Amino acid sequence: MRALIHSRFGEAEDVLAVEERPVPEPAAGQVRLRIVLSPIHNHDLWTVRGTYGFKPELPAASGTEALGIVDALGEGVEHLVVGQRVATGGTFGAWAEYIVANAAGLIPVPDSLSDESAAQLVSMPFSTISLLQFLDVNEGDWIVQNAANGAVGRMLAQLGAARGVHVLGLVRRAEGVEELRAQGIDNVISTDQDDWREQAARLTGGAPILAGVDSVGGSASGDVLSLLSEGGTLVAFGAMNSPVMEIASSDVIFKQAIVKGFWGSKVIQQLDAATRGALFGELIQRVTDGTLTLPVAGVFDAAEIADAVRLSMTPGRVGKVLLKF
């Protein structure tokens, strides 16, 4: 079978290559999946670079999320059937024609979801809805996020609106405001405007902003913190621009702010089964009824991985880049 492998850490377009590997056999409690589509996530690229929280041994497989069709059942698997579509968001090595995965962690995909939506259902959408849950805000509350025109930013705005939570979005260029407005996402301002803080106050009507999500790092972290109300919570979700958060100690002290991190892999593991099931049910319903949109920027064969990565890294890209095998 074909699989994307790297023998050294580095930029994905430079080090990933298609290699032939043996087709894996499922052990007890596992299934073998024939991969249909798999998205490219930032954390996949960070893993290939060797800069993520998980660092595989070389030569290493790649990819973590996929839509697959059950191809073979391991001993003891009774709740799935051969030919069934399932999604996985935590199976390392997903960029391959076939993978084995623990059956208990697979999510059956209803017919109402397209292959393109189902392929990206778990990692980013589920992390986003788990993040919204993590923020512990209610209908009518205000939150703020930067990287509002990124994949997670778009989804958080849509999911927040569906729950009646007001989401103030920050972007770094004026064009991003118009891009989001074209998708029906409002309450967005660009921090390249001198009066962006005044714009934020006008949009919120002076209401307290209870929580902020920082996906950028650097001085952008401080920008988010500066908008929070007293007792507000700043959540570090990503570090797109810098691994260092630059925040003013005066904001932390005088706002009595809380600063904490969100790593979906850890937070999701701590959710009880009932909460996890309810969140997945909500996600599937939101995608089905169009409240949550999961656009696709392009679909590439695995052999075109370099072109796929370049598109994935293109500023202003709308939607995920998917790989097919």
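Now for a quick tour of the structure. These numbers were taken from a predicted model, which means no experiment stands behind them.

Thresholds, definitions, all that
- Chains are numbered independently. Their residues run from 1 in the order of the written sequence.
- In keeping with the model being predicted, local features are shown solely for residues with a pLDDT of at least 70 and side-chain atom pairs are shown and tallied solely at 80 or more, while totals for entire chains, interfaces and linings include all residues.
- Side-chain metrics rest on all non-hydrogen atoms present in the structure, leaving aside hydrogens and water.
- Side-chain atoms within 4.5 Å are what join buried Ala, Val, Leu, Ile, Met, Phe, Trp, Tyr and Cys residues into a set we call a nonpolar core.
- Throughout, exposure labels follow a simple rule: accessible area from a 1.4 Å probe, protein chains only, divided by the maximum for the residue type, with under 20% read as buried, over 50% as exposed, and the rest as partly exposed.
- Labels follow the DSSP assignment, with helices taken as runs of H or I lasting at least four residues and strands as runs of E lasting at least two, numbered in each case from the N terminus.
- The contact criterion used throughout is that any non-hydrogen atoms of two residues lie within 4.5 Å.
- Pairs were defined over the aromatic rings of Phe, Tyr and Trp, the Trp ring being its six-membered one, requiring ring centres within 6.5 Å. Orientation was assigned from the angle between planes: stacked under 30 degrees, edge-to-face over 60, tilted for the rest.
- We call two strands paired when DSSP finds no fewer than two bridges between them.
- To obtain each axis, a line is fitted to C-alpha atoms, and for helices this fit is confined to the stretch in contact; angles are then taken between N-to-C directions over 0 to 180 degrees.
- Arc, as used here, means the arc of the directions from the helix axis to the C-beta atoms.
- Here is how to tell: hold the view so the strands point away, follow the path from the first strand over the helix to the second, and if it runs clockwise the crossover is right-handed.

### Digging into the nonpolar core
- Counting 41 residues, the largest nonpolar core has Leu121, Phe126, Leu131, Leu135, Ile143, Leu283 and Leu292 as the members making the most contacts within it.
- Where this core is concerned, the elements lending two or more residues are strand S3 (30-39), strand S4 (66-73), helix H4 (122-135), helix H5 (151-162), strand S11 (209-214), helix H10 (264-269) and helix H11 (273-288).
- Not counting residues up to four positions away in its chain, the partners in contact with Phe126 are Leu121, Ile268, Leu271, Arg276, Leu279, Phe280 and Leu283.

### Examining the environment of Trp46
- Structurally, Trp46 is set in helix H2 (residues 42-49).
- When the C-alpha atoms of Trp46 and Gly298 are compared, they prove to be 20 Å apart, with 252 residues separating the residues in sequence.
- Filtering out sequence-adjacent residues up to four positions away, Trp46 remains in contact with Thr51 and Tyr52.

### Let's talk about the packing of aromatic side chains
- Within this structure, the stated rule accounts for 6 aromatic pairs.
- Where Tyr52 meets Trp263, the ring centres are 6.1 Å apart and the plane angle is 85 degrees; that geometry is what we call edge-to-face. Of this pair, Tyr52 sits in the loop between H2 and S4 while Trp263 sits in the loop between strand S13 (258-261) and H10, and the two are 211 residues apart along the sequence.
- By relative accessible area, which is 24% here, Tyr52 ends up partly exposed.
- The exposure class of Trp263 is partly exposed, given its relative accessible area of 37%.
- Taken together, a centroid distance of 5.0 Å and an interplanar angle of 80 degrees make the contact between Phe54 and Phe92 edge-to-face. Of this pair, Phe54 sits in the loop between H2 and S4 while Phe92 sits in the loop between strand S5 (85-88) and strand S6 (98-102), and the two are 38 residues apart along the sequence.

### A few points about the sheet that holds S11
- Spatial ordering of the open sheet is given by S10-S9-S8-S11-S12-S13, a layout of 6 strands whose pairing is parallel. What marks the edges here is a single partner per strand, and that holds for strand S10 (188-190) and S13. This sheet shows a mean twist of 20 degrees between the axes of neighbouring strands, independent of strand direction.
- Each of strand S8 (142-145), strand S9 (166-171), S11 and strand S12 (233-236) is contacted by helix H8 (residues 219-227), which is oriented at about 170 degrees to S11, the strand it contacts most.

### Points about helix H6 (residues 174-182)
- Three or more residues of H6 are buried, namely Gly176, Val177 and Leu180. All buried residues of H6 project into a common sector of 105 degrees when viewed along the axis, lining one side.
- Contacts made by the buried residues of H6 are with H5, S9 and S10.
- In the segment just after H6, Gly184 is the residue with positive phi, at about 85 degrees.

### Brief notes about the pairing of S9
- Where burial is concerned, most of S9 is hidden: 5 out of the 6 residues are buried.
- Inspection of the sheet shows S8 paired to S9 by 4 bridges, in the parallel sense. Opposite Ile143, over in S9, you have Val167 as the bridge partner.
- What joins S8 to S9 is H5, and the crossover it makes is right-handed.
- Here 3 bridges tie S9 to S10, and the two strands are oriented parallel to one another. Counterpart to Leu170 in the pairing with S10 is Ile189.
- In terms of handedness, the path from S9 via H6 over to S10 forms a crossover that is right-handed.

What is shown is where atoms sit, not what they do.
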